[in-house]
Amino acid sequence: MPMKTNPSSITTWFHQLRRLCLTLSCAAALSAVSLYASSSSQTGSSGAPGSPGTDNPNGAGGPGGTGANGGNANVSILASPDQNNDTTATGGAGGNGGTGGTGSTVGGAGGNGGAGGNATATTDTAYTGTSYSDTYATATGGNGGSGGAGGAGGTANGPDGSGGNGGSATATATATIGGSGLVQAQATGGSGGDATGTGHAGNGNTATATASGTSTGGNISVEADQYGGNGGNGSNGASGGNGAVSNMTDAVSGSTITDPTNGPFILTLDQSAYGGAAGSTDSGTVGTAGSASSSLTATNPGGGDLTGTAYAQGGRGGDSNGSSNAGNGATATANINLMGVTTGPSGAVSGNVDATAQARGGDGGTATDSTSAANGGNGGSVTLDTANSGQGVHGSTDATHTLTLTQNAEGGAGGDTYGSGTGGNGGTATSNYTAPTNDVSSLTLRNYASGGGGGWVYGTGTGGSGGAANGSVSGGTSGAGENINASSQVNGGAGGSFYTTNGANGGNGGMATSSTTATATGASSISVSDNAAGGNGGGSYYGSSYTGSGGNGGNASSNAIGSTIGSGSGSISAGAQGGAGGDAGGAGNHAGNGGNATAVATGTADTTQGYIYVDATANGGASGTTYDGATSGNTGSGQAIATGTASSGSAQANSSSAGGAVTSLSNYAQANLNGGTSRADSRSNGALPSYSSTNASSDNAAMYATAVPTASNFGSSAQGVLADMFYRGAANSSTTQSDYIGNVQLTLDVTQISPSATDLILKFLNPAGSGTSSSGFNLVFSYSETGLSSTSGSHTFTSAASAISWFSNPANFIHFGAPSTLGNASTPVTINVHWDLTASNPGDFFQVESGLLVVPELSTLRALLTGTLLLGAHLWFRSRRKLVN
């Protein structure tokens, strides 16, 4: 996935070196890099400032003069045969407006700033050699002049002047070369001039960048970068200027050939549009940030490979330097359609194709005044959706070539706040695309969506919420023996944290929802990977140094589906991670709760010859850390379901959570497929009622676990129940012998258990099952405890009846001993419980509930008994007194 850079790092190191050498006339150094080079640059003259207004002691002051416009710059190199060519044009800055004259009555008006000069750079290379060639065109519009201040008056000051608009910029780079090379055009619109008081800051101006490159003997990269001008800043009540909109459509093009000896040469197209940032203000209105769009439709007419990116980034919101709220970031959208070309009499489509559409919302502005309640600006939201808006990634090629499609949506970050306001919310991100069924040798589908982070707090306010993220991708192939790789990664934005000692609060993390589907209608190999991560809650930065409550982590949901036929194979995985809660410090504050996680994976292959592996993993988010008397939050729950159908393979579900003394709780359920359908179900939570066993009625392997349950068949955490667990294994319909496994592992912090507790016991309830050794029934139960000591054991049962009898007998409960002898503050205790059912009869199953309990010390039991006796005696005496009366 390509990563975009800021304007200062766009130019390559080679470009910078060559410019330096040209400036210093370092012919010897330059000859070591390049044989031929032409370079030309021009900067427009700065506009003259406006003349000051005339003072008038007997009336109104005279107006200040308008600043002159900056001079234009126009540079070109045309049809140059040199290997490397470079033009740079910079518009002159507009002159500042003149100050209004003083008057005995009304002061004179301040003059407006002059507009920045326009800039045009054109570079055209016609190099027939085969050495590497560079072609650059760079244009930067001049900045607008600032508005002049109004003159002082006896009855009223004169109005202030407005800032001038920035100048436009146009950059055009073209090249026809014999070898490999780079063609780059970069255009940056001029920024608006500043203003004060009653004036209005100037607006940023537009930029236009286009580039084209053709190579007859090598790879060529063609790049156009377009930056809208920023709005000017306002002060003392003046409003900020608007950032310029930046729109690009088919700004890059080119061609490479397929060489019989060296294979196809690659044409790389990259166009990037950046909206201008909005101007800031203190008590006026911030400017409007410029939106951005980038749309590219292209082929490689020479028949070579084709890769390209359409990128767009919205402008940043304006800052607030006073009581006004900061501005929101602008939105952005991107669209790309790259196509292999039809060549030759057969009409075959040639060339591997790799297309990327990427858009990012602008960041929100910052509220910088520590004495105000101004809010940070919200990050810009982004939606790429090929089915609804048509915006996103598209591409095509033929059955002998590869097709790679990537789509990426990113919400902008929320702006920070330094006072008592709220940090801006992160922008939401949506990236959904459906690729049509393709007959290609290999299909790669990649999808990304990331919500923006919430704004931070440097005062007494609340952090912004992280942006929610949603993503989905689906597609498939139609031919046999083809490969599909489909993936999606979706991340919720983090909540804003606080960096203060004044009791601020963290923002909540954004939720994440992701889905990936791949379908092979021929016997093909498929790989599906889907992942979702909720954003972390904001909290105290640097831990105990800052007091306040943490935000909650975001929930996460992941869904992965894959199918193939015939002898096809596959790997299907879904992963969900709940966001962590934010840290908290100080009495009366609380840490954020961890986010919940749900993962579902489904894989299907031929039940006679295909194989498939299905994996689902769901991890609940951790509670935030607490400092200096703050209370803890809850760990999020995890639920994972994996279902597979194939001749061979497995379905495995994994989950984790925690609660109280159980600092880590993880479990997995695994079921083999072996010609049938198997479903594995793993669930973990903490400080909630235990899962009902009826949820597992359709599971072939189930492992449920609850840390410190508030209610269970063994009692509640208040009654000493550290964990409640349920296992089920049930044969699928294939009549082939298979394993159905459940495993749970708990880590205990014994310092949270009463030091006088006498025993840690594993108890069993409600065993049930069906199956005998003659039908292949075999159950293995094993356990282990490690810490300061070690205890383990294993039991094997060849019929359901013998297992039911053993687990029903309290004499077979597992006694580990007093918790204080098993671990200490530096050595936690780990309990591992494992179940493995081997069965082939579809009616065979076994299930049982187990509980890990702490037995209270004898003095506690004695106190309870004594209290009961005293209460009984009191009631008896009361009843006797009534009878006597």
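The structure displayed is predicted, hence computed values, not measured ones.

Reading the values: the criteria
Residues numbered from 1 in each chain as written. Predicted model: local features only at pLDDT ≥ 70, side-chain atom pairs only at ≥ 80, totals over all residues. Heavy atoms only, no water. Helix = DSSP H or I, 4+ residues; strand = E, 2+ residues; numbered from the N terminus. Buried < 20%, exposed > 50% of the residue type's maximum accessible area, 1.4 Å probe, protein only. Contact = heavy atoms within 4.5 Å. Areas by Shrake-Rupley, 256 points an atom, 1.4 Å probe, with all protein chains shown as cover. Lys, Arg positive; Asp, Glu negative; His and termini not counted. Charge placed at Lys NZ, Arg CZ, Asp CG, Glu CD. Polar contact = N/O pair within 3.5 Å; in protein donor to acceptor, adjacent residues only side chain to side chain. Salt bridge = Lys/Arg side-chain N within 4 Å of Asp/Glu carboxyl O. Pairing = 2+ DSSP bridges. Axes fitted to C-alpha atoms, helices over the stretch in contact; angles between N-to-C directions. Arc of directions from axis to C-beta. Patch = residues over 30% accessible without salt bridge, like charges linked within 9 Å, V, L, I, M, F, W, Y side chains within 5 Å. Core = buried A, V, L, I, M, F, W, Y, C linked by side-chain atoms within 4.5 Å. pLDDT = per-residue confidence, 0-100.

Here's the deal with the overall build of the protein chain
Regarding its fold elements, the protein chain presents five helices and 52 strands. With the C-alpha coordinates of the protein chain rotated into their principal frame, the extents come out at 110 × 90 × 50 Å. Among the 885 residues that make up the protein chain, the fraction classed as buried is 55%. Across the protein chain, the fraction of contacts at a sequence separation of at least 24, relative to all contacts at a separation of at least 6, is 77%. As displayed, the protein chain has an accessible area near 31,800 Å², and 50% of this comes from carbon and sulfur atoms. Computed over 15 positive and 40 negative side-chain charges, the separation of the two mean positions in the protein chain equals 24 Å.

Some details on the side chain of S215
Structurally, the position occupied by S215 is in strand β9 (residues 207-215). Within the local environment of S215, its side chain forms a polar contact with the backbone nitrogen of G217, the two atoms lying 3.2 Å apart. Other than its neighbours up to four places away in sequence, S215 contacts I177, G178, G179, S180, I220, S255, T256 and I257.

Let's talk about the pattern of salt bridges
Inspection of every chain in the model, using the stated rule, returns five salt bridges. Among the ionic pairs, D681 bridges to R683, the shortest N-O distance being 3.0 Å. Comparing D681 with R683, the two get one shared label, buried.

Digging into unusual backbone geometry
The general pattern is negative phi for most residues beyond glycine and trans for most peptide bonds. Phi at A79 takes a positive value of approximately 50 degrees, unusual for a residue other than glycine. Positive phi values are uncommon outside glycine, yet D628 reaches one of about 55 degrees. Relative to the assigned elements, D628 resides in the loop between β39 (626-627) and β40 (638-646). The class of D628 is exposed, set by a relative accessible area of 55%.

Quick notes on the sheet that holds strand β6 (residues 169-177)
An order of β2-β4-β6-β9-β13 is seen for the five strands of this open sheet, with the pairing classed as parallel. In the strand order of this sheet, the two ends are held by β2 (73-80) and β13 (252-255), each with one partner. For this sheet, the mean inter-axis angle between neighbouring strands, taken without regard to orientation, is 5 degrees. Of the strand pairs in this sheet, β9 and β13 are connected by four bridges, and their pairing is parallel. Residue pairing in the sheet places S212 in a bridge with S253 of β13.

Some remarks on helix α3 (residues 800-807)
Regarding α3, the residues found buried are A800, A803, W806 and F807. Down the axis, α3 shows its buried residues gathered within 130 degrees of arc, on one side only. In this structure, α3 carries A801 and S805 as exposed residues pointing more than 90 degrees from its buried face. Its buried side turned inward, α3 meets β47 (759-770), β48 (778-786), β49 (790-797), β50 (814-817), β51 (829-839) and β52 (845-855).

Focus on the pairing of strand β7 (residues 181-188)
Of all eight residues making up β7, seven are buried, and the element is well covered by its neighbours. In this structure, strand β5 (residues 133-140) lies alongside β7, joined through eight bridges in parallel fashion. Along β7, the bridge assignment pairs A139 with A187. One ladder, built from eight bridges, connects β7 with strand β10 (residues 220-227); its direction is parallel. Within β10, the position partnered with T188 by the bridge is Y227.

Remarks on the sheet that holds strand β24 (residues 393-396)
Sheets are built from strands that pair by backbone hydrogen bonding, the pairs being arranged parallel or antiparallel. The strand order β12-β17-β19-β24 describes an open sheet built from four strands, whose pairing is parallel. A strand with exactly one partner marks an edge of an open sheet, and here the two such strands are β12 (246-249) and β24. The sheet shows a mean angle of 5 degrees between the axes of neighbouring strands, direction not considered. Pairing analysis gives four bridges linking strand β19 (residues 332-339) to β24, with the strands arranged parallel. Note on β24: the bridge partner recorded for I336 is V393.

Considerations on a nonpolar patch on the surface
A contiguous nonpolar patch, built from Y499, Y541 and Y542 and spanning about 310 Å² of accessible area, is present on the exposed surface. By secondary structure assignment, the location of Y542 is in the loop between β32 (525-533) and β33 (548-549).

Regarding the nonpolar core
Within the largest apolar cluster, 135 residues are counted, with the highest numbers of intra-cluster contacts made by F764, F781, F807 and W835. With five residues, the next largest nonpolar core counts Y691, A696, A702 and Y704 among its residues.

Points about the side chain of T386
Checked against the element boundaries, T386 lands in the loop between β23 (382-385) and β24. Judged by relative accessible area, T386 falls into the buried class, the value being 14%. Look past the residues within four positions of T386 in its chain and what remains in contact with it is Q391, G392, V393, H394, Q407, N432, Y433 and T434.

Here's the deal with the environment of N165
Along the chain, the position of N165 falls in the loop between β5 and β6. Ignoring sequence-local partners within four residues, the contact set of N165 consists of G114, A115, G116, G144, S191, G192, G202 and N203. A polar side-chain atom of N165 sits 2.9 Å from the main-chain amide nitrogen of N203.

A short note on the confidence of the model for the protein chain
Averaged over all residues, the pLDDT of the protein chain equals 91, while 92% of them reach at least 70. Here residues 1-35 is a poorly scored stretch, pLDDT under 50, and it has 53 contacts once near neighbours within four places are set aside; other chains count. This stretch, residues 857-885, has a pLDDT under 50; its non-local contacts, to residues over four places away or in other chains, come to six contacts.

A short note on the environment of T608
In this structure, T608 sits in the loop between β37 (597-604) and β38 (611-619). Of the residues examined, T608 reaches a relative accessible area of 63% and is grouped as exposed. Counting along the chain gives 73 residues from T608 to G535, while the straight-line C-alpha distance between them is 43 Å. Reaching out from T608, the side chain makes a polar contact with the side chain of D606 at a distance of 2.4 Å.

Concerning the pairing of strand β25 (residues 402-410)
When you tally the buried positions in β25, you get seven out of nine residues, the bulk of the element. In the sheet, strand β22 (residues 353-360) pairs with β25 via eight bridges, with the strands oriented parallel. Looking across to β25, one finds that D354 is bridged to T404. Of the strand pairs in this sheet, β25 and strand β27 (residues 442-450) are connected by nine bridges, and their pairing is parallel. The residue of β27 that forms the bridge with A409 is A449.

Considerations on the environment of S350
For S350, the location among the structural elements is in strand β21 (residues 348-350). Overall, S350 belongs to the buried group, its relative accessible area being 14%. Through-space distance from the C-alpha of S350 to that of G303 is 5.7 Å; in sequence the pair is 47 residues apart.

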